[in-house]
Amino acid sequence: MAKLELENFESFSKLEGKTLPAGDWLTVTQEMINDFAKATMDFQWIHVDVEKATKYSPFKKPVAHGFMSLSLLAKLLKDVLLIKSVKMGVNYGLNKVRFPSPVLVDSRLRLICTILKIDNYGDNGLKITWNCIVETEGSDKPACVAEFISLMFE
């Protein structure tokens, strides 16, 4: 899917209450899972020990960390939306987060996102509340559902 490109906050603000186009699929590899484990120091065997996960896990393969699917929101959002006038964006927080379904290694994920609310923030910023659904290809349940808040500045 092509990225939605907008010139500025004025054009972006017209999208409040709308759902963005679905993002491209992203494959979650074992290397990504291992790198996330290193970054967070969470080396639970269900994530990083392929042999043990294959033998003992109810999923029969390694599973990505739940927080990994949450951490991918920034990347997945960047892949679906570009506001050319934005100089900087930062994470502000989360209102709600759930992980309804595990992300197995080699799963493909994509983002479905609705812009719930846009508020002015300071002199040159916006505070955006996003309803984010991280879908797993072939699954009826999403990997992650989050009400995510970010700040963007022109």
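Residues numbered from 1 in each chain as written. Predicted model: local features only at pLDDT ≥ 70, side-chain atom pairs only at ≥ 80, totals over all residues. Heavy atoms only, no water.

**Some thoughts on the sheet that holds strand E2 (residues 26–27)**
Strand order in the open sheet formed by five strands is E2-E5-E6-E7-E4, with antiparallel pairing between adjacent strands. Every other strand in the sheet has two partners, leaving E2 and strand E4 (88–98) as the edge strands with one partner each. Relative to strand E6 (residues 125–136), strand E5 (residues 108–121) is paired through twelve bridges, and the arrangement is antiparallel. Bridge pairing in E6 places Arg-110 opposite Glu-135. Helix H6 (residues 73–80) rests against E2, E5, E6 and strand E7 (144–153) of the sheet, and its axis sits at about 85° to E5. (Pairing = 2+ DSSP bridges. Helix = DSSP H or I, 4+ residues; strand = E, 2+ residues; numbered from the N terminus. Contact = heavy atoms within 4.5 Å. Axes fitted to C-alpha atoms, helices over the stretch in contact; angles between N-to-C directions.)

**A word on unusual backbone geometry**
Positive phi, close to 65°, is recorded for Lys-60, a residue that is not glycine. Positive phi, normally seen in glycine, also occurs at Asp-106, with a value near 75°. Looking at where Asp-106 falls in the secondary structure, it is placed in the loop between E4 and E5.

**Looking at the pattern of salt bridges**
One pass over the structure, following the stated rule, counts six salt bridges. Linking Glu-135 and Arg-110 is a salt bridge whose minimum nitrogen-to-oxygen distance equals 2.8 Å. Taken as a pair, Glu-135 in strand E6 and Arg-110 in strand E5 lie far apart in primary sequence, 25 residues in all. One salt bridge in this structure joins Lys-117 and Asp-119, with 3.8 Å as the shortest N-O distance. Here the salt bridges do not stand alone but share partners, grouping Glu-5, Glu-7 and Lys-84 into one network. (Salt bridge = Lys/Arg side-chain N within 4 Å of Asp/Glu carboxyl O.)

**Observations regarding the environment of Asn-131**
Following the sequence through the fold, Asn-131 ends up in strand E6. Taking the relative accessible area as the measure of exposure, Asn-131 reaches 24% and is therefore partly exposed. Along the chain, Asn-131 and Glu-147 lie 16 residues apart, while their C-alpha atoms are 4.7 Å from each other. With residues near it in sequence (within four places) discarded, Asn-131 still touches Ile-112, Cys-113, Thr-114, Leu-116 and Ala-146. (Buried < 20%, exposed > 50% of the residue type's maximum accessible area, 1.4 Å probe, protein only.)

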